[in-house]
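Coordinate analysis (summary)
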Amino acid sequence: KRVAILISGGGSNMVRLVEDMAGDHPCQPVLVASNDPDAGGLAKAAAMGLPTAAVDHRAYRGDRAGFEAALLEPILAVRPDIICLAGFMRILTPDFVERFQGRMLNIHPSLLPKYTGLHTHARAIEAGDAEAGATVHLVIPDLDAGPILGQARVPIMPGDTADRLAARVLIREHQLYPAVLRRFASGDQTPLYL
Ligand code: GRF
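Keep in mind that this is a model prediction, so the values were computed, not measured. (Residues numbered from 1 in each chain as written. Predicted model: local features only at pLDDT ≥ 70, side-chain atom pairs only at ≥ 80, totals over all residues. Heavy atoms only, no water.)

**Describing the pattern of salt bridges**
Our working rule: Note on definitions: salt bridges are taken to be side-chain nitrogens of Lys or Arg within 4 Å of carboxyl oxygens of Asp or Glu. Here's how the labels work: a residue is buried when its accessible area is under 20% of the maximum for its type, exposed when over 50%, partly exposed in between, all with a 1.4 Å probe on protein chains only. Secondary structure elements are defined from DSSP: runs of H or I of at least 4 residues count as helices, runs of E of at least 2 residues count as strands, and each element is numbered from the N terminus.
Applying the stated rule across the entire model yields eight salt bridges. One salt bridge connects Arg58 with Asp56, and the closest N-O pair in it is separated by 3.0 Å. Among the residues examined, Arg58 registers a relative accessible area of 38% and is labelled partly exposed. Salt-bridge contacts for Glu131 lead to Arg153; the nearest nitrogen and oxygen are separated by 2.7 Å. Taken as a pair, Glu131 in strand S6 (residues 131-138) and Arg153 in strand S7 (residues 148-155) lie far apart in primary sequence, 22 residues in all. Look at Glu131 and you get partly exposed, because its relative accessible area is 36%. The exposure class assigned to Arg153 is partly exposed, which follows from its relative accessible area of 38%. One salt-bridge network, held together by shared partners, links Asp36, Asp56 and Arg58.

See below:
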């Protein structure tokens, strides 16, 4: 299966996905694309020998459809079977989502359905939750809301800051996403709980 990965920043989840696909795996990475030409993950992807693309969303201020049309071009050119959003920080329109619905995955740093949107770790700490974590789900037009394909949990420790909790969750994201992609690519949508 041909996998395109969309990032916005450092791309640590993308790196783990690509590393996992290097082994005996039903998938191969065919593109890493970003909405930010300066995304650190683009340099990492290029260093791993992957094709990359960047479409600066700031060049399409207010024209979300125009941005997505530009982003679609390099994506469609590599004929992906699966799209993985990995630290991708732009909201996609229903038109874009519907093109790939059922084969576009996202990782979100909370135990969905709790804490959709941003600042998930601060909100969990503020709420006095005992646990936090990450969720991999199929993308539907509603933000952070599609069928859950996997979750990983971590304890929230006394005195945790959002940054310390984020670092603890990120380690689990790096375990969860590759495991879920393997399972999904082999046709199994049974949720995986790590
Ligand atoms: C991670 O916290 C991930 O949960 C969120 O984006 C953050 C950075 O991810 N989606 P990455 O290092 O760019 O993969």
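**A short note on the pairing of strand S5 (residues 104-108)**
Short version of the rule: Pairing between two strands requires that DSSP report at least two bridges joining them. Every crossover in which the path from the first strand over the helix to the second runs clockwise, viewed with the strands pointing away from the viewer, is termed right-handed.
Most of S5 sits inside the fold, with five of its five residues counted as buried. The two faces of S5 match: Met104, Asn106 and His108 on one face and Leu105 and Ile107 on the other face are all buried. In this sheet, S5 lies alongside strand S4 (residues 82-85) in parallel orientation, the contact comprising three bridges. Along S5, the bridge assignment pairs Leu85 with Asn106. In this region the chain leaves S4, passes through helix H4 (residues 94-100) and returns to the parallel neighbour S5; the handedness of that crossover is right-handed. Relative to S6, S5 is paired through four bridges, and the arrangement is antiparallel. Of the residues in S6, the one forming a bridge with Leu105 is Leu138.

Keep in mind these values describe shape, not function.
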